[in-house]
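Here is how the chains run, residue by residue.
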Amino acid sequence: MLTRGHLEYPQSELNKAWKKLLLNQFHDVLPGTSIQTVYEDVHQYYKEIADSCNDVIERALAALLTGGQSENVYAVNTLSWTRREVVTLPNGENRVSTSQTLLDGSTVALAEAPSFGYAVIDGRTQHSQSVAASQNESGEITVENGILRAIIDAGGRVVSLKVKAASS
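Let us look at the structure shown here. Because the structure is predicted, anything quoted here is derived from the model rather than measured. (Residues numbered from 1 in each chain as written. Predicted model: local features only at pLDDT ≥ 70, side-chain atom pairs only at ≥ 80, totals over all residues. Heavy atoms only, no water.)

So, about the pattern of salt bridges. Here the structure, examined in full by the defined rule, presents nine salt bridges. With a shortest N-O distance of 2.7 Å, Asp51 and Lys47 are connected by a salt bridge. Taken as a pair, Asp51 and Lys47 lie in helix α2 (residues 36-66) at a separation of four residues, close to a single helical turn. Residue Asp51 is classed as partly exposed on the basis of its relative accessible area, which comes to 40%. On the accessibility criterion, Lys47 (46% relative accessible area) is partly exposed. For the salt bridge of Arg149 with Glu144, the shortest nitrogen-to-oxygen distance reads 3.7 Å. Judged by relative accessible area, which is 37%, Arg149 ranks as partly exposed. Under the relative-accessibility criterion, Glu144 is labelled partly exposed at 25%. (Salt bridge = Lys/Arg side-chain N within 4 Å of Asp/Glu carboxyl O. Helix = DSSP H or I, 4+ residues; strand = E, 2+ residues; numbered from the N terminus. Buried < 20%, exposed > 50% of the residue type's maximum accessible area, 1.4 Å probe, protein only.)

The description of an aromatic ring pair uses the distance of the two centres, along with the angle that the planes make with each other. Per the counting criterion, the structure on display carries one aromatic pair. Their ring planes at 70° and their centres at 5.5 Å tell us that Tyr74 and Tyr118 sit as a pair that is edge-to-face. Taken as a pair, Tyr74 in strand β1 (residues 73-77) and Tyr118 in strand β5 (residues 117-121) lie far apart in primary sequence, 44 residues in all. For Tyr74, a relative accessible area of 22% puts it in the partly exposed group. (Phe/Tyr/Trp six-rings, centres within 6.5 Å; stacked < 30°, edge-to-face > 60°.)

Let us now look at the sheet that holds strand β7 (residues 141-144). The pairing of strands in a sheet comes from backbone hydrogen bonds and takes either a parallel or an antiparallel form. On the basis of which strands lie adjacent, the open sheet formed by four strands has the order β6-β7-β8-β9 and antiparallel pairing. Taken across any chain shown, the strands that pair with only one partner, and hence form the sheet edges, are β6 (132-135) and β9 (158-163). Strand-to-strand, the axes of this sheet are offset by a mean angle of 10°, without reference to chain direction. The sheet contact formed by strand β8 (residues 148-152) and β9 spans five bridges and is antiparallel. Bridge pairing in β9 places Ala150 opposite Leu161. (Pairing = 2+ DSSP bridges. Axes fitted to C-alpha atoms, helices over the stretch in contact; angles between N-to-C directions.)

Another point: the nonpolar core. Formed by Val73, Ala75, Leu89, Ala109, Ala111 and Ile121, the largest nonpolar core amounts to six residues. Only β1 and β4 (107-113) provide two or more residues apiece to this core. (Core = buried A, V, L, I, M, F, W, Y, C linked by side-chain atoms within 4.5 Å.)

One face of the sheet, then the other: side chains in a regular strand alternate in exactly this way. Direction of pairing for β6 relative to β7: antiparallel, over a ladder of four bridges. In the sheet register, Ala133 faces β7, and the bridge partner there is Val143. Between β6 and the antiparallel strand that follows it, β7, lie five residues; Gly139 among them carries a positive phi value of about 95°. Where β7 lies against β8, four bridges are found, and the strand directions are antiparallel. Along β8, the bridge assignment pairs Thr142 with Ile151. Between the end of β7 and the start of β8, which pair antiparallel, lie three residues.

Here it is as structure tokens:
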């Protein structure tokens, strides 16, 4: 594999995953005529296949993007159009100025990556719009930024949505 960093082609890992995938194509598995324990094994094999392939992908991207030397966080877009998405940052990283910590402790940020490309999530290249959220005693949540103010009731329904410039 030709990369900025060094990465040996993971032939044995890919072969192992491929053979597990082929095993799961057995003639009793596909039509649903196996017993329950077979399907439990199949689900475990599919999980192992996905984990192995995701690991290969992560290592390849790390070698391609950073040569294994960077602490940056990248948003990779494998699609043929530009994507702008909210992404979860690894390990709750909060060094991105435009990130937001959620109630479950995870950290998210807005990322925009070109088609078949990537973006560095560092706070400088991302769109910045601070958001404030609060909850009152009755369970209503107010979320607002410089443009909008939304009130969501305890049942999850939007009960008010105002454009700030129009409501001033």
